[in-house]
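One letter stands for each residue in the lines below.
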Amino acid sequence: MYVSDCISINESGHLTIGGADTVELAKEYGTPAYVFDENEIRKNLRAFKNSMDEYYGGNGLAVYASKAFCCKEMCRICMQEGTGIDVVSGGELYTALSVDFPAEKIVFHGNNKTYDELVMAVSNNVGRIVVDNVYELETLSKIAAQQGKTAGIMFRIKPGIDAHTHDFIKTGQIDSKFGFALETGEAMEVIKKAVNMPNIKLRGLHCHIGSQIFDIDPFELAATVMLDLFKSVKDETGIELEELNLGGGFGIKYLESDCPRPYAEYMKNVSKVVKEYSEKLGLKMPFVIIEPGRSVVGAAGITLYTVGAVKEIPDIRTFVSVDGGMGDNPRYALYHADYEVVCANKANEERNTVVTVAGKCCESGDLIQEDTKLQAVEAGDILAVLSTGAYNYSMASNYNRIPRLPVIMVKDGKSRVVVKRETYEKITENDI
Ligand code: LLP
């Protein structure tokens, strides 16, 4: 009935997540608040991990892209489920290290890692630093030499693939700030440079073709493009690279009309291509890494708000304003992202009004969803916006000095706080 498996309606007609009544959660923890179903997150992590085991015979690693949702508890959950973690800043790396995440399973991304971030990565023995540019390679080599270590790296390659997704989140083409281009020979040049560098161990190559992708073909194509490069490297240097990182990007259901393919299907099809194509090129089967972010947490999270003002503008629209907004969910303002909205305390009533759900920020574009179907609502009702688990908490801001939301984790009907609600004192803490 709803876009996410962990959402249901109980006998009181209230929306539930992971078996917990969302109206009760709103009472207990206040709104606005993010709520996640732990079992759903674990189920998704296991699905990726198990399919890596099944289709790559253990010769692979599922790495959670923590940019989608990063906090200590999420890192602990990944650690318990045996996945790796992808970090993209000193802050994400620090969070993972602070729960003793095994450094060998950390993949460090970023197109402009700072000197200090690279020092932090090398001193903590991060397993794979995905190098984006020559400046980074040279800096890293110096840092590794200073520390008397060998840095394990991969190169980020632009495979030049159009993944049929939103323009803002396409990252695979040549006109992208990420990685090395194939067409210009830039990729081969840097690979040749790295294989002769002391203190650098080139483990393999990485690509990421975009996000919220429903088709499997672009992933298959990316795999072949990357393997062609493996083959050229072998031919030109005699070196056979060991690891192929195919990035993340698997789509999720935001609306009923979205139809993501089961993730095991991606794994099955892509692994077949990797196996057959490696064989065809006379390469040994590489160790394969994938980096799902959105697909692990997106549908496992919701945001709860309380309705305040309801403003009906005759013949134009009705604004239903809530106690959060673009600070906690900037995705509508940024991408016009679709979401399903439900009145949590009237969940079994029909959604027969069309309204615009607005936030409380001082900005006309602060909308959660325009012209969306909703039950007839009034002040005090609880709204749930579904599938907000990815890139909401992680992209939140303090615009208008509105405190960031708490994160409530639900498991088998029981709830706990895993990130506290920010206070006004916290917001002003660094002010002099
Ligand atoms: N690996 C790399 C190198 C990435 O750049 C990304 C996402 C991922 C993995 C995870 O992709 P996912 O499985 O989550 O699609 N803020 C945007 C999404 C930006 C994605 C950036 N990179 C949004 O809210 O839609």
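Here, the structure is the one placed above.
Let me sum up the structure you'll find in this document. Residue positions are given per chain, counted from 1 along the sequence in the order it is written. For a predicted model such as this one, the threshold for reporting local features is a pLDDT of at least 70, and the threshold for listing and counting side-chain atom pairs is 80 or more; totals across whole chains, interfaces and linings nevertheless cover every residue. Values reported for side chains reflect all heavy atoms of the structure, with hydrogen atoms and water molecules removed beforehand.

Attention shifts here to the overall build of the chain. Strands are runs of DSSP state E lasting at least two residues, helices are runs of H or I lasting at least four, and both sets are numbered from the N terminus onward. A tally of helices and strands in the chain yields twelve helices and 21 strands. Put simply, the radius of gyration uses C-alpha atoms, and a globule should come to 2.2 Å times the residue count raised to 0.38. The C-alpha radius of gyration computed for the chain amounts to 23 Å, which stays within 12% of the reference 22 Å derived for 432 residues, consistent with globular compactness. C-alpha atoms of the chain, sized along the principal axes, occupy 70 × 50 × 40 Å. The cut-offs for exposure are 20% and 50% of the maximum accessible area for each residue type, with area from a 1.4 Å probe on protein chains only; residues under the lower value are buried, those over the upper are exposed, and the others partly exposed. Burial status across the chain gives 58% buried among its 432 residues. Partitioning the contacts of the chain with sequence separation of at least 6, the portion at a separation of at least 24 is 69%. All accessible-area figures derive from a Shrake-Rupley calculation using a 1.4 Å probe, and residue coverage is judged against the displayed protein chains alone. Carbon and sulfur atoms form 49% of the exposed surface of the chain, whose accessible area is close to 18,000 Å². Working convention for charge: Lys and Arg count positive, Asp and Glu count negative, and His plus the chain ends are omitted. The location of each charge is read from NZ of Lys, CZ of Arg, CG of Asp or CD of Glu. Each charge class in the chain can be summarised by its mean position, and for the 46 positive and 61 negative side chains these summaries are 5 Å apart. Here, two residues are considered to be in contact whenever any of their heavy atoms come within 4.5 Å of each other.

Okay, the pattern of salt bridges next. By definition, a salt bridge exists where a carboxyl oxygen of Asp or Glu is found within 4 Å of a side-chain nitrogen of Lys or Arg. One pass over the full model with this rule turns up 31 salt bridges. Linking Lys43 and Glu40 is a salt bridge whose minimum nitrogen-to-oxygen distance equals 3.3 Å. Of this pair, Lys43 and Glu40 both sit in helix H2 (residues 38-56), three residues apart, which is roughly one turn of the helix. Assessed through its relative accessible area of 39%, Lys43 is described here as partly exposed. Note that Arg128 and Glu243 form a salt bridge whose closest N and O atoms lie 2.6 Å from each other. Taken together, the residues span a long stretch of sequence, with Arg128 in strand S8 (residues 128-131) and Glu243 in strand S12 (residues 243-245) at a distance of 115 residues.

Compared with an ideal rise of 1.5 Å per residue, which puts 19 residues at 27 Å, H2 spans 27 Å between its outermost C-alpha atoms and is within 8% of the ideal. Looking at H2, one finds that the buried residues are Glu38, Glu40, Ile41, Arg42, Asn44, Leu45, Phe48, Ser51, Met52, Tyr55 and Tyr56. Under this definition, polar contacts are N or O atom pairs within 3.5 Å; protein pairs additionally need one hydrogen-donor-capable and one acceptor-capable atom, and for neighbouring residues in sequence, both atoms have to be side-chain atoms. Between a side-chain oxygen at the N-terminus of H2 and the backbone nitrogen of Asn39 the separation is 3.2 Å; the capping residue is Asp37. One or two steps after H2, the chain reaches Gly57, where phi turns positive at roughly 55 degrees. Between the first and last residue of a helix there are one fewer steps than residues, each counted as 1.5 Å, and that sum is the expected span.

On to the environment of Phe230, then. As for its placement among the helices and strands, Phe230 is situated in helix H8 (residues 217-237). Between the C-alpha atom of Phe230 and that of Glu240, which follows or precedes it by ten residues, the distance is 7.0 Å. Excluding anything up to four places from it in sequence, Phe230 contacts Leu205, Leu241, Glu243, Leu244, Leu283 and Pro286.

Next up on the list: the site of the ligand. If even one non-hydrogen atom of a residue comes within 4 Å of a molecule or strand, that residue is called near it. Surveying the vicinity of the ligand reveals 19 residues, the closest of which are Ser211, Glu291, Arg294, Arg331 and Tyr391. Note that a nitrogen atom of the ligand is positioned 3.5 Å from one of the side-chain N or O atoms of Asp86. At 2.7 Å from an oxygen atom of the ligand is found a side-chain nitrogen or oxygen belonging to Tyr391. Within the complex, the protein chains bury 92% of what would otherwise be the 580 Å² of accessible surface of the ligand. Gly is put with the polar residues, along with every residue not named as nonpolar or charged; the nonpolar set is Ala, Val, Leu, Ile, Met, Phe, Trp, Tyr, Cys and Pro, and the charged set is Asp, Glu, Lys and Arg. When its residues are assigned to classes, the shell around the ligand shows six nonpolar, seven polar and six charged.

Buriedness of a pocket was judged along seven lines, with at least five required to meet protein on both sides within 12 Å; pockets are open sets of points on a 1 Å grid over the protein atoms alone, cavities are sets where a 1.4 Å probe fits but cannot get out, and lining residues have an atom within 4 Å of a point. Grid points are joined across faces, edges and corners, and a volume is the space filled by probe spheres set on the points. According to the stated counting rule, one finds two cavities of 30 Å³ or more in the structure shown. In this structure, the largest cavity spans a volume of roughly 70 Å³. Along the walls of the largest cavity sit Gly324, Gly325, Gly327, Asp328, Cys361, Ala396, Ser397, Ile402, Pro403, Arg404 and Leu405, which together make up its complete lining. In this structure, the second largest cavity is lined by Met52, Tyr56, Phe219, Leu246, Gly247, Phe250, Tyr266, Met267, Val270 and Ile290. Within the residue set of the lining of the second largest cavity, elements represented by two or more residues are H2 and helix H9 (263-281). In terms of residues, the lining of the second largest cavity owes the most to one element, H9, which gives three residues. Considered class by class, the residues forming the lining of the second largest cavity number nine nonpolar, one polar and no charged.

This next bit is on H9. In this model H9 runs 27 Å from its N-terminal to its C-terminal C-alpha over 19 residues, within 8% of the 27 Å that 1.5 Å per residue would give. For H9, the full list of buried residues reads Tyr263, Tyr266, Met267, Val270, Ser271, Val273, Val274, Tyr277, Ser278 and Leu281. Looking straight down H9, one finds that the buried residues subtend no more than 160 degrees of arc, so they occupy a single side. Opposite the buried face of H9, at more than 90 degrees from it, the exposed residues are Glu279 and Lys280. For H9, the elements touching its buried residues are H2, H8, S12, strand S13 (287-290) and helix H10 (294-297). Each C-beta atom gives one direction from the helix axis, and the arc is the one those directions make.

Attention now moves to the packing of aromatic side chains. Stacked, tilted and edge-to-face are the three classes applied to pairs of Phe, Tyr and Trp rings, where Trp contributes its six-membered ring and a pair requires centres within 6.5 Å; stacked means planes under 30 degrees apart, edge-to-face means over 60, and tilted covers the rest. Applying the stated criterion across every chain, the model contains twelve aromatic pairs. One aromatic cluster is present, built from ring pairs that chain together Phe48, Phe219, Phe250, Tyr263 and Tyr266. Any Lys NZ or Arg CZ found within 6 Å of a ring centre and within 35 degrees of that ring's normal is scored as a charge over the ring. Positioned above the aromatic ring of Phe108 is the side chain of Lys113, whose terminal nitrogen or guanidinium carbon lies 5.7 Å from the ring centre.

This brings us to the packing of H2 against helix H3 (residues 72-81). The convention used is that axes are lines fitted to C-alpha atoms, helices contributing only their stretch in contact, and that angles between N-to-C directions extend from 0 to 180 degrees. Across the interface, H2 lies against H3 with an axial gap of 10 Å and an inter-helix angle of 45 degrees. The angle between H2 and H3 falls in the class oblique. Between H2 and H3 lies a crossing of right-handed hand. Contact with H2, carried on its side by Glu38, Ile41, Arg42, Leu45, Arg46 and Lys49, involves Met74, Ile77, Cys78, Gln80 and Glu81 of H3 and no other residues of that element. Orientation labels follow simple angle bins: below 35 degrees gives roughly parallel, above 145 gives roughly antiparallel, 65 to 115 gives roughly perpendicular, and whatever is left gives oblique. For any pair of crossing helices, the crossing counts as left-handed if the nearer helix is rotated counterclockwise from the farther one by less than a right angle, and right-handed if it is rotated clockwise.

Time to look at the sheet that holds strand S2 (residues 15-17). Two strands qualify as a pair provided that DSSP identifies no fewer than 2 bridges between them. Strands sit in the order S1-S2-S3 across an open sheet of three strands; the sheet is antiparallel. The open sheet has two edge strands, strand S1 (7-9) and strand S3 (20-21), and neither has a second partner. Where S1 and S2 come together, three bridges link them in antiparallel fashion. Each bridged residue has a counterpart across the sheet, and for Ile7 the counterpart in S2 is Ile17.

Read these as spatial facts, not as claims about activity.
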